[in-house]
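Fold and contact review
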Amino acid sequence: MYDYDLLVVGSANADLVIGVERRPAAGETVLGSDLAVHPGGKGANQAVAAARLGARTALLARVGDDGHGRLLLDSQRAAGVDTAGVLVGGAPTGVALITVDPSGDNSIVVSPGANGRLTPADIRAARSLRLLRASRVVSAQLEIPLETVVEVVRNLAPGSRFVLNPSPPVPLPAEVLAACDPLIVNEHEARVLLGESAGPVPEDWARALLGLGPRSVVVTLGAAGALVADAEGTARIPSVKVTAVDTTGAGDAFTAALAWRLGAGAPLAEAAAHAARVGAAAVTKEGAQVSFPTAEEVAAL
């Protein structure tokens, strides 16, 4: 019996968001909206998204001993996430600088801060190991050091499932790729991982990524939906048509929902279809964590 449906190991950032009519060119200054500060970071986002859907969720991360760190901890606890694995101190809390244009598309620059101090030793610590061994599914991203993600893979409990969104993308060691079930990428991440071997269509990317060793692959395609692939073949997952307000965090909501449904025993395509609905609901509101839907809101959509 697992204590948690999902353990998220990853980043926790304060999102500093400004709306702009267009992004500035090199050397150019543009005026934007008032600055809004939201709790964010791929790891923290995924944990809140899963908890909002009803998953028993825990977060393993590091934040600074500062106002942004307290904002993040308050947001996690308000959503029902177990924060026993959130370490405090070592550096200021990570910050993401986000511009959002009128179509809802965003551009993001991240200052890792404390996220970069989440070390393999933190994963080997007794409290972290207890969380890993008590979790049905473990999800990670790459806004924390790659060697820390490697340590997560080496300490997975027998029978648990590992989900990875390699963002920002870097070449992955074979032992990490072999543990992924699934590896979740967007078009940019797929092309970075595949390099010149990337084919012209998403089905080609998925098959090539499977050849690198993951047990399954999910390619997110924005408004075009998603593509899932495993040893049984590939399948397209249609998108849900909504009016996008802000796409910040939508990929994290998708990943969290997918990981939770897979842990509950859903087939890959079914879990991805549910995740697409969750991601669609998230883009209809501004912000990241504040936009994540409850199960009731997803059902209404």
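Everything in this summary refers to the structure shown in the same document. Here the structure is a predicted model, which means the values were calculated and not measured.

Here we come to the layout of surface pockets. Left-over empty space is what a probe sized like a water molecule reveals as it rolls over the atoms. Counted as a void, the largest pocket has a volume near 1400 Å³. Residue lining of the largest pocket: 49 residues in total, with Asn-186, Thr-247, Ala-250, Gly-251 and Asp-252 positioned closest to the centre. Elements represented by at least two residues in the lining of the largest pocket include exactly β2 (13-19), α1 (42-53), β6 (94-100), β7 (106-111), β10 (180-185), α7 (187-194), α9 (250-263) and α10 (268-282). Tallying contributions element by element places α9 first for the lining of the largest pocket, with five residues.

Attention now moves to the sheet that holds β7. What the four strands build is an open sheet, ordered β3-β2-β6-β7; its pairing is mixed. Two strands lie at the open edges of the sheet, namely β3 (36-40) and β7, each paired on one side alone. When strand polarity is set aside, the average angle formed by the axes of neighbouring strands in this sheet is 25 degrees. Strand direction decides the pairing type here: β2 and β3, joined by five bridges, are antiparallel. The residue of β3 that forms the bridge with Val-17 is Ala-36. Where helix α2 (residues 67-79) meets the sheet, it contacts β2, β3 and β6, and its direction lies at approximately 60 degrees from that of β3.

Moving on to the packing of aromatic side chains. A complete count under the given rule lists zero aromatic pairs for this structure. Over the ring of Trp-260 we find Arg-261; its NZ or CZ atom is 5.6 Å from the centre of that ring.

Strand order in the open sheet formed by nine strands is β5-β4-β1-β8-β9-β10-β11-β12-β13, with mixed pairing between adjacent strands. Every interior strand has two partners, whereas the edge strands, β5 (82-88) and β13 (233-237), have only one. The sheet shows a mean angle of 15 degrees between the axes of neighbouring strands, taken without regard to direction. Summarising the sheet, strand β1 (residues 4-9) and strand β8 (residues 135-141) pair through five bridges and their orientation is parallel. In the sheet register, Leu-6 faces β8, and the bridge partner there is Val-137.

For the structure shown, the criterion picks out 13 salt bridges. The shortest N-O distance in the salt bridge between Asp-181 and Arg-161 comes to 3.2 Å. Remark: Arg-161 occurs in strand β9 (residues 161-165) and Asp-181 occurs in strand β10; sequence separation between them is 20 residues. By relative accessible area, which is 14% here, Asp-181 ends up buried. Among the residues examined, Arg-161 registers a relative accessible area of 23% and is labelled partly exposed.

Turning our attention to empty space enclosed by the protein. For the coordinates displayed, the defined rule picks out one cavity of 30 Å³ or more. The computed volume of the largest cavity comes to approximately 40 Å³. Around the largest cavity, the lining residues are Ala-12, Leu-59, Val-63, Leu-72, Leu-73, Gln-76 and Val-86. For the lining of the largest cavity, the elements supplying multiple residues, two or more each, are β4 (57-63) and α2. It is α2 that contributes the most residues to the lining of the largest cavity, three residues altogether.

To continue, consider unusual backbone geometry. At the junction of Ser-167 and Pro-168, the peptide bond is cis and its omega measures out at -5 degrees in the coordinates. Inspection of the secondary structure puts Pro-168 in the loop between β9 and α6 (174-179). In this chain, Asp-181 is followed by Pro-182 through a cis amide linkage whose omega measures 10 degrees. Mapping Pro-182 onto the fold places it in strand β10.

So, how was this worked out
- All residue numbers here refer to positions counted from 1 along the written sequence of the relevant chain.
- Confidence filtering applies because this is a predicted model: local features only for residues at pLDDT of at least 70, side-chain atom pairs given and counted only at 80 or more, and all residues used for totals across whole chains, interfaces and linings.
- Hydrogen atoms and water are omitted, and side-chain values are computed over all heavy atoms in the structure.
- Here a cavity means grid points, on a 1 Å grid over the protein atoms only, where a 1.4 Å probe fits yet cannot get out; a pocket means an open set of points with protein on both sides within 12 Å along at least five of seven lines; lining residues are those with an atom within 4 Å of a point.
- Grid points are joined across faces, edges and corners, and a volume is the space filled by probe spheres set on the points.
- Strands here mean DSSP runs of E at least two residues long; helices mean DSSP runs of H or I at least four residues long; both are numbered from the N terminus.
- For two strands to count as paired, DSSP must find a minimum of two bridges between them.
- Interaxial angles span 0 to 180 degrees and are taken between N-to-C directions of axes, which are lines fitted to C-alpha atoms, for helices over the stretch in contact.
- Note on definitions: a residue-residue contact is assigned when non-hydrogen atoms from the two residues lie within 4.5 Å.
- We call Phe, Tyr and Trp rings a pair once their centres come within 6.5 Å, taking the six-membered ring for Trp, and we label the pair stacked below 30 degrees between planes, edge-to-face above 60, and tilted otherwise.
- Note on geometry: a ring has a charge over it if NZ (lysine) or CZ (arginine) is within 6 Å of the ring centre and within 35 degrees of the ring normal.
- Salt bridges are defined as contacts in which a side-chain nitrogen from Lys or Arg sits within 4 Å of a carboxyl oxygen from Asp or Glu.
- Relative accessibility under 20% of the residue-type maximum defines a buried residue, over 50% an exposed one, and the middle range a partly exposed one, all with a 1.4 Å probe and only protein chains included.

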